[in-house]
Amino acid sequence: MRIAVTGSIATDHLMTFPGRIADQLLADRLDHVSLSFLVDTLEIRDGGVAANIAYGLAQLGHRPLLLGAVGADFTPYGERLAALGVDVSGVHVSRTRHTARFLCTTDQDGNQIASFYPGAMSEAADIDLTVALRRQGGADLVLVGADDPAAMLRHTRACRTHGIPFAADPAQQLARLDGAQIRELVDGADHLFTNEYEHALLLTKTGWSHADVLQRVGTWITTLGEKGSRVERAGEPPLDVPAVPADDAVDPTGVGDAFRAGYLAALAAGHDTARRAQWGAALATLALSHIGTQTYTAPGGDLT
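Let me sum up the structure you'll find in this document. (Residues numbered from 1 in each chain as written. Predicted model: local features only at pLDDT ≥ 70, side-chain atom pairs only at ≥ 80, totals over all residues. Heavy atoms only, no water.)

1. Side note on the packing of aromatic side chains
Next, step 1: In total, this model carries 5 aromatic pairs according to the counting rule given.
Next, step 2: Centroid distance F17 to F37: 4.8 Å. Interplanar angle 65 degrees. Geometry classified as edge-to-face. Placement of the pair is F17 in the loop between β2 (10–16) and β3 (41–47) and F37 in the loop between β2 and β3, with a sequence separation of 20 residues.
Next, step 3: Looking at F37, the relative accessible area reads 22%, which means it is partly exposed.
Next, step 4: With 5.5 Å between their ring centres and 90 degrees between their planes, F193 and Y263 make a pair best called edge-to-face. (Phe/Tyr/Trp six-rings, centres within 6.5 Å; stacked < 30°, edge-to-face > 60°. Helix = DSSP H or I, 4+ residues; strand = E, 2+ residues; numbered from the N terminus. Buried < 20%, exposed > 50% of the residue type's maximum accessible area, 1.4 Å probe, protein only.)

Listed below in structure tokens is the structure:
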């Protein structure tokens, strides 16, 4: 099974704050917030949701096709991914912009405040998914991840036009997309990925009920942090799959991307729904125990 992954490709600047972010927020001053956090560490790592998912799939023995937009500074990053087994031939290189930047501060409770500069990602809508897939022999599933909104919509439309199964993973872009755009991205998806907060936000912004969403997608997977994940399909009882306990929780950044990679790898291997979520949980915990989103090493091919 060939999987194409679209979405952001970025450089992560990961910082740790030794206190609690919540302790710095004053309930009667939230309309005028001016805060600066003195952080203990700074890690500069390769990241971006599409690249993170592609990395996880490559760790499990797949050769995913990565589709996204980057700057000329991507060369060493791309060479590293290619050496690991990711097909980067579909990556668009901007002539004028830098690769996107993700700046994130994590406190001692795992809460995060982040900023994202899109940079070259603004050109992702120039990528023609149909042409890219034709050049690489096609794909059995396309994950449409968080990206420039116009690119997300263009890729989703291409999948519908050509009958290519797709997984909707709007993630952080739910905050920017309006209800009509979210409905277009989700409707007809083979799989829909959200976390618990995104689950609620998607319902609010689309105006759909929970049952409405389940009637429009094949499988809805909601990650629940330390509580694991919930997998739902129309007409079936929800399936709750526990998380894999972490001996050493180091950095939550990219854990959701690792879950998706594990889930999709198990899907490609023909496993049932429970096993897919278990693979996702196992890879997520592995990522949680490392600083950076592409620093863990997974056994090739199997997480049982």
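2. What to know about the packing of helix α4 (residues 149–162) against helix α5 (residues 179–186)
Next, step 1: Packing of α4 against α5 leaves a shortest axis separation of 9 Å and a crossing angle of 35 degrees. In the packing of α4 onto α5, the handedness of the crossing is left-handed. In this structure, α4 uses M152, L153, T156, R157 and R160 to contact α5, whose residues at the interface are Q181, R183, E184 and L185.
Next, step 2: The class makeup of the residues in the contact of α4 with α5 is 3 nonpolar, 2 polar and 4 charged. (Axes fitted to C-alpha atoms, helices over the stretch in contact; angles between N-to-C directions. Left-handed = near helix turned anticlockwise from the far one by under 90°. Contact = heavy atoms within 4.5 Å. Nonpolar A, V, L, I, M, F, W, Y, C, P; charged D, E, K, R; others polar.)

3. Side note on the pattern of salt bridges
Next, step 1: In the structure shown here, the tally under the stated rule is 13 salt bridges.
Next, step 2: One salt bridge in this structure joins D128 and R154, with 3.5 Å as the shortest N-O distance. Of this pair, D128 sits in the loop between β8 (112–117) and α3 (129–135) while R154 sits in helix α4, and the two are 26 residues apart along the sequence.
Next, step 3: Put simply, R233 and E236 hold a salt bridge, and the shortest N to O gap is 3.7 Å.
Next, step 4: Its relative accessible area of 47% is what places E236 among the partly exposed residues. (Salt bridge = Lys/Arg side-chain N within 4 Å of Asp/Glu carboxyl O.)

4. Details of the environment of D23
Next, step 1: Tracing the sequence through the fold places D23 in the loop between β2 and β3.
Next, step 2: Once the C-alpha coordinates of D23 and Q215 are considered, the two residues, 192 residues apart in sequence, prove to be 42 Å apart.

5. Some points on helix α9 (residues 273–288)
Next, step 1: Helix length check: α9 (16 residues) gives 23 Å between terminal C-alpha atoms against 22 Å at 1.5 Å per residue, within 8%.
Next, step 2: Of all the positions in α9, only R276, A277, W279, G280, A281, L283, A284, T285, A287 and L288 are classed as buried.
Next, step 3: Where α9 is buried, its residues touch α1 (49–59), β11 (191–195), β13 (229–232), β14 (239–241) and α8 (255–268). (Expected span 1.5 Å × (residues − 1).)

6. Considering the sheet that holds strand β1 (residues 3–6)
Next, step 1: Read across the open sheet, the 8 strands follow the order β4-β1-β9-β10-β11-β12-β13-β14; overall the sheet is mixed. The open sheet terminates on both sides in strands that have one partner only, identified here as β4 (65–67) and β14. If you compare each strand with its neighbour and ignore which way they point, the axes differ by 15 degrees on average.
Next, step 2: Relative to β14, β13 runs antiparallel, the two sharing 3 bridges. By the bridge assignment for β14, S229 is matched with V241.
Next, step 3: Together, β11, β12 (219–223) and β13 form the strand contacts of helix α6 (residues 196–206), whose direction differs from that of β11 by roughly 115 degrees.
Next, step 4: Most of the contacts of α8 go to β11, to which it runs at about 155 degrees, and overall it touches β1, β9 (141–145), β10 (166–169), β11, β12 and β13. (Pairing = 2+ DSSP bridges.)

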